[in-house]
Number of protein chains: 2
Amino acid sequence: MHAQAASPLSTAFPDRLGALAARTEALLERLLSQAPQPGEIARPARLLEAMRHGALGGGKRLRPFLAVEAARLLGQEGDGPLRAGAGVELLHCYSLVHDDLPAMDDDDLRRGRPTVHKAYDEATAILAGDALQTLAFEVMADPETDPDGAVRAELVLGLARAAGLGGMAGGQMLDLAAEGRYGRVDLDEAGIRTLQAMKTGAILAFAVEAGAIIGRADAAARAALLAYGRGLGAAFQIADDILDRESTTEALGKAAGKDAAAGKGTLVDRLGLEGAKREAARLLDATLAALDGFGPEAETLREAARFTVARSS
Amino acid sequence: MHAQAASPLSTAFPDRLGALAARTEALLERLLSQAPQPGEIARPARLLEAMRHGALGGGKRLRPFLAVEAARLLGQEGDGPLRAGAGVELLHCYSLVHDDLPAMDDDDLRRGRPTVHKAYDEATAILAGDALQTLAFEVMADPETDPDGAVRAELVLGLARAAGLGGMAGGQMLDLAAEGRYGRVDLDEAGIRTLQAMKTGAILAFAVEAGAIIGRADAAARAALLAYGRGLGAAFQIADDILDRESTTEALGKAAGKDAAAGKGTLVDRLGLEGAKREAARLLDATLAALDGFGPEAETLREAARFTVARSS
């Protein structure tokens, strides 16, 4: 992929991503601690443990990284952007817990560990996903995330739109339909792109937008960051399709080759493996071009895009 | 129940409740229409239909009524309180869709119609519940609900705290545990009250609080309305336990006698049927007393409390 060759991944980037993952983990650990929170009657231990299983101890935490780096680009540092990023991450974790359920993708393994319904049971996993979604919105709306209520409401609204019927949940519905379980479906390339933009792209793009909202981006910066986020989401998904085809279950920490086995169309099917790799490179170039109005201060976001396409798991 | 005898239900009350239910239904119909909303990529028809099945065409809409009447008591009319109430109702509808799932309470019937997983399938019902929860927060955070972002963020935060680990979802976890599925549990009276305060009380109380928030209640009015809401929630649940024991499946529109069959302890078990009825009357008196600082303008909320205890379904 020529974009990657032209600008090799800095060794500093994985360190920065890892450092932010550690900060995210520490914040999620606090949010999911035993300590009762304001207004709570009790914290049932089994549900809390299942939520911790679904949200702690894994993941690259790419979404919080994007939120924090987009806010930093706009001069906003501190815990607010991290909390907004953690809200997006909790929403993402809820979706993984529910997607893994027997009635959905029926996965036993996630990040190399048993999925929540395997470690606990189906009812507990449904409730844990439900409560992780609720917690995502609670974190966004909490005054600790931003002193300005209008900013908090905008974070909630953006997250909800990325997550609901017209975004992630709708994308998962299309994905289940693409397996043919509600009748024969043959998605063309445009249909696959729509599905992926909804299922995974919308939340990734919103992670960047959350940083723009909390960083008080002006209209031009917000439009540029949104274009970057959308491009990144599309590039992420095609990289995922390529990984699913080329990698092993051991390297992924989850079942490999499942999409093909489920009969789901992917862009690798439509474009071929080499065509998909060319398309990933093209999307990466377009994603980087969205940041042309920024200088070297946007280099971390550029590296995040390169990493997204070049990652091996 | 002497409180009821002392102040008989006005015939005007059912009409007012019905009129607000019609307004709520019309708003939910708009929120769940085919028309694409801002920022959405597509509205998958199957998921939208399942959400409509779970949210439209039934229910007393008691929660929106409480939000609207609490706001009206504080001089706040218009669509804002109705939208806040609809947000609470959508959260309630999501919980019903998920509680009915085979892994949870495994109910085939709700409001006299097939539950969502019977009318569609399990995966669709999980996603429909998920997306109804998301929509609840989207409605709360939308500028149409209130012009002040801080008010919208407070609505989101309150709803999330009532719905999550320390509220409704946690209460459902305790309820599943009370069936003995994770080991023998013998709830005493205090344990049953905690479970009920979480599972159903928190959201009912928040419906009243949402009206107080959007009505800009001062500290004294807010404390009084919160006490009213909590009392109402407790009275509602004991009335529900009494109904579950005394009514028929036909009258309820859902399976009757399920709690006893599941081996769950209820306050009727602990107090006996007559003791439970005395306790319901005591809770009703306490709930009405919370409104003593208000004059005749609070009469509708008083009638709502009497209705909650006296209702037959």
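Residues numbered from 1 in each chain as written. Chains lettered and ligands numbered in written order. Predicted model: local features only at pLDDT ≥ 70, side-chain atom pairs only at ≥ 80, totals over all residues. Heavy atoms only, no water.

Caption draft 1: Broad picture of the nonpolar core. Formed by 192 residues in total, the largest nonpolar core has its most connected members in A:Leu66, A:Tyr228, B:Leu66 and B:Tyr228. With near-sequence residues (within four places) excluded, A:Leu66 lies in contact with A:Leu204, A:Ala207, A:Val208, A:Tyr228, A:Leu232, A:Leu301 and A:Ala304. (Core = buried A, V, L, I, M, F, W, Y, C linked by side-chain atoms within 4.5 Å. Buried < 20%, exposed > 50% of the residue type's maximum accessible area, 1.4 Å probe, protein only. Contact = heavy atoms within 4.5 Å.)

Caption draft 2: Inspection of the packing of helix H4 (residues 62-73) of chain B against helix H11 (residues 219-246) of chain B at higher detail. Residues and elements named next belong to chain B. Contact geometry for H4 and H11: axes closest at 12 Å, N-to-C directions at 155 degrees. Of the possible angle classes, the one that applies to H4 and H11 is roughly antiparallel. In this structure, the crossing between H4 and H11 has a hand that is right-handed. Together, Leu 62, Arg 63, Leu 66, Ala 70 and Leu 73 of H4 and Leu 225, Tyr 228, Leu 232 and Phe 236 of H11 make up the contact between the two elements. Taken together, the residues of the contact of H4 with H11 break down into 8 nonpolar, no polar and 1 charged. (Axes fitted to C-alpha atoms, helices over the stretch in contact; angles between N-to-C directions. Helix = DSSP H or I, 4+ residues; strand = E, 2+ residues; numbered from the N terminus. Parallel < 35°, antiparallel > 145°, perpendicular 65-115°, else oblique. Left-handed = near helix turned anticlockwise from the far one by under 90°. Nonpolar A, V, L, I, M, F, W, Y, C, P; charged D, E, K, R; others polar.)

Caption draft 3: Geometry of the relation of the copies chain B and chain A. Structural alignment of chain B on chain A gives an RMSD of 0.0 Å, achieved by rotating through 180 degrees and translating 0.0 Å along the axis. On the angle and the small slide along the axis, the relation comes out as a two-fold axis. Interface residue correspondence from chain B to chain A reaches 100%, placing this contact among same-surface, isologous pairings. (Least-squares fit on C-alpha atoms with pLDDT ≥ 70 in both.)

Caption draft 4: Up close: the interface of chain B and chain A. With 53 residues of chain B at the contact, the number on the chain A side is 53 residues. Between chain B and chain A lies a buried interface of about 4,600 Å² when both sides are counted; carbon and sulfur atoms form 73% of it. Our count for the chain B to chain A interface comes out at 4 salt bridges. Summed over the shared surface of chain B and chain A, the number is 10 residue pairs in polar contact (both at pLDDT 80 or more). When contributions to the side of chain B that touches chain A are tallied by element, the ones reaching two or more residues are helix H3 (45-55), helix H5 (79-99), helix H7 (122-141), helix H8 (149-163), helix H9 (168-178) and helix H10 (189-214) of chain B. If one sorts the elements of the side of chain B that touches chain A by residue count, H7(B) sits on top with 12 residues. Looking at the side of chain B that touches chain A, its residues break down into 32 nonpolar, 10 polar and 11 charged. (Buried area = accessible area lost by both parts, 1.4 Å probe. Salt bridge = Lys/Arg side-chain N within 4 Å of Asp/Glu carboxyl O. Polar contact = N/O pair within 3.5 Å; in protein donor to acceptor, adjacent residues only side chain to side chain.)

Caption draft 5: Spotlight on helix H15 (residues 299-310) of chain B. Residue and element names in this part refer to chain B. Compared with an ideal rise of 1.5 Å per residue, which puts 12 residues at 16 Å, H15 spans 16 Å between its outermost C-alpha atoms and is within 8% of the ideal. Most of H15 sits out of view: 10 of its 12 residues are buried. Residues of H15 that are buried include every one of Thr 300, Leu 301, Arg 302, Glu 303, Ala 304, Ala 305, Arg 306, Phe 307, Thr 308 and Val 309, and no others. Tucked into the core, H15 has its buried residues touching helix H2 (12-31), H4, H11 and helix H14 (267-289). (Expected span 1.5 Å × (residues − 1).)

Caption draft 6: Structural detail: the environment of A:Thr115. Among the structural elements, A:Thr115 can be located in the loop between strand S2 (113-114) and helix H6 (116-119). Contacts of A:Thr115, omitting those with residues within four sequence positions, involve A:His53, A:Asp100, A:Asp107, A:Asp108, A:Leu109 and A:Arg110.

Caption draft 7: Summary view of the packing of aromatic side chains. Taken as a whole and judged by the stated rule, the model has 5 aromatic pairs over all chains. Taken together, a centroid distance of 4.7 Å and an interplanar angle of 20 degrees make the contact between A:Phe137 and B:Phe137 stacked. With one member in each of two chains, A:Phe137 in helix H7 (residues 122-141) and B:Phe137 in helix H7 form a pair that bridges those chains. The buried category is assigned to B:Phe137, whose relative accessible area is 0%. Note that A:Arg63 overlies the ring of A:Phe236, its terminal NZ or CZ placed 5.8 Å from the centroid. (Phe/Tyr/Trp six-rings, centres within 6.5 Å; stacked < 30°, edge-to-face > 60°. Lys NZ or Arg CZ within 6 Å of the ring centre and 35° of its normal.)

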